[in-house]
Amino acid sequence: MQSSWRIPHANRNHHIDAKFILSGSDDGNVRLWRANASKREGIKSARQRQKLEYDDAIKERYSHMPEIRRIKRHRHVPKQVKKAGEIKAEEMASIKRRRENERKHSKKGQVPRRPEREKMVLATEQ
């Protein structure tokens, strides 16, 4: 089995290694991505390494069970991150609702509807 390989795709070249993915494009940008983004990198103590190895062995041993497969597919997000996402979604819904009400209760054509893509553009260069 190879430890790394290259995948040419749509004028981009990806180099895949065990821990990182290196991608480059025609415009000269090169990006370095972690192959397993949720895995913590860095120096680990012997106890941490032992726990990670034990966890991997348990996952491998019981991988045939449907409950374990479901848990493995599940994306775990810290509570603060989840709550922040919920708050942000609520704020965005409120802003959208307010803009829609302003548009509904003003003269026809006075407040035009803007596409979502145009809302993200802050400035344009000439």
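Keep in mind that what you see is a predicted model, and the values were worked out from it rather than measured. (Residues numbered from 1 in each chain as written. Predicted model: local features only at pLDDT ≥ 70, side-chain atom pairs only at ≥ 80, totals over all residues. Heavy atoms only, no water.)

1. Describing the overall build of the protein chain
Then step 1. The number of helices and strands found in the protein chain is four helices and four strands.
Then step 2. Along its sequence from the N terminus, the protein chain presents helices and strands in the succession β-β-β-β-α-α-α-α.
Then step 3. Looking at the protein chain residue by residue over its 126 residues, the buried ones come to 2%.
Then step 4. Taking the intrachain contacts of the protein chain between residues at least 6 apart in sequence as the baseline, contacts between residues at least 24 apart amount to 0%.
Then step 5. Here the protein chain has roughly 12,800 Å² of accessible surface; of this, 53% comes from carbon and sulfur atoms. (Helix = DSSP H or I, 4+ residues; strand = E, 2+ residues; numbered from the N terminus. Buried < 20%, exposed > 50% of the residue type's maximum accessible area, 1.4 Å probe, protein only. Contact = heavy atoms within 4.5 Å. Areas by Shrake-Rupley, 256 points an atom, 1.4 Å probe, with all protein chains shown as cover.)

2. Things to note about the pattern of salt bridges
Then step 1. Per the stated rule, a full pass over the model turns up three salt bridges.
Then step 2. Residue Asp 55 pairs with Lys 51 through a salt bridge whose shortest N-O separation is 2.6 Å. Of this pair, Asp 55 and Lys 51 both sit in helix H1 (residues 46-61), separated by four residues, roughly a single helical turn.
Then step 3. Here Glu 100 and Arg 103 are joined by a salt bridge, their closest N and O atoms 2.5 Å apart. One end of the pair is Glu 100 and the other is Arg 103, both in helix H3 (residues 79-104) and three residues apart, which spans about a single turn.
Then step 4. Take Glu 100: its relative accessible area is 27%, and that puts it in the partly exposed class. (Salt bridge = Lys/Arg side-chain N within 4 Å of Asp/Glu carboxyl O.)

3. Side note on the pairing of strand E3 (residues 20-24)
The two faces of a sheet get side chains in turn, since along a regular strand they alternate between them.
Then step 1. The sheet contact formed by E3 and strand E4 (residues 30-34) spans five bridges and is antiparallel. Within the sheet, the bridge partner assigned to Leu 22 lies in E4 and is Leu 32.
Then step 2. Counted between consecutive antiparallel strands, the loop separating E3 from E4 contains five residues, among which Gly 28 sits at a positive phi close to 95°. (Pairing = 2+ DSSP bridges.)

4. Quick notes on the confidence of the model for the protein chain
Then step 1. Confidence along the protein chain averages 80 in pLDDT terms, with 85% of residues attaining 70 or more.
Then step 2. Per-element mean pLDDT across the protein chain ranges from 51 in strand E1 (residues 5-9) up to 92 in H3. (pLDDT = per-residue confidence, 0-100.)

5. Considering a nonpolar patch on the surface
Then step 1. A contiguous nonpolar surface patch, about 380 Å² in accessible area, is contributed by Phe 20, Leu 22, Val 30 and Leu 32.
Then step 2. Mapped by element, the contributors of at least two residues to the nonpolar patch are E3 and E4.
Then step 3. Relative to the helices and strands, Val 30 is located in strand E4.
Then step 4. The class for Val 30 is exposed, based on a relative accessible area of 59%. (Patch = residues over 30% accessible without salt bridge, like charges linked within 9 Å, V, L, I, M, F, W, Y side chains within 5 Å.)

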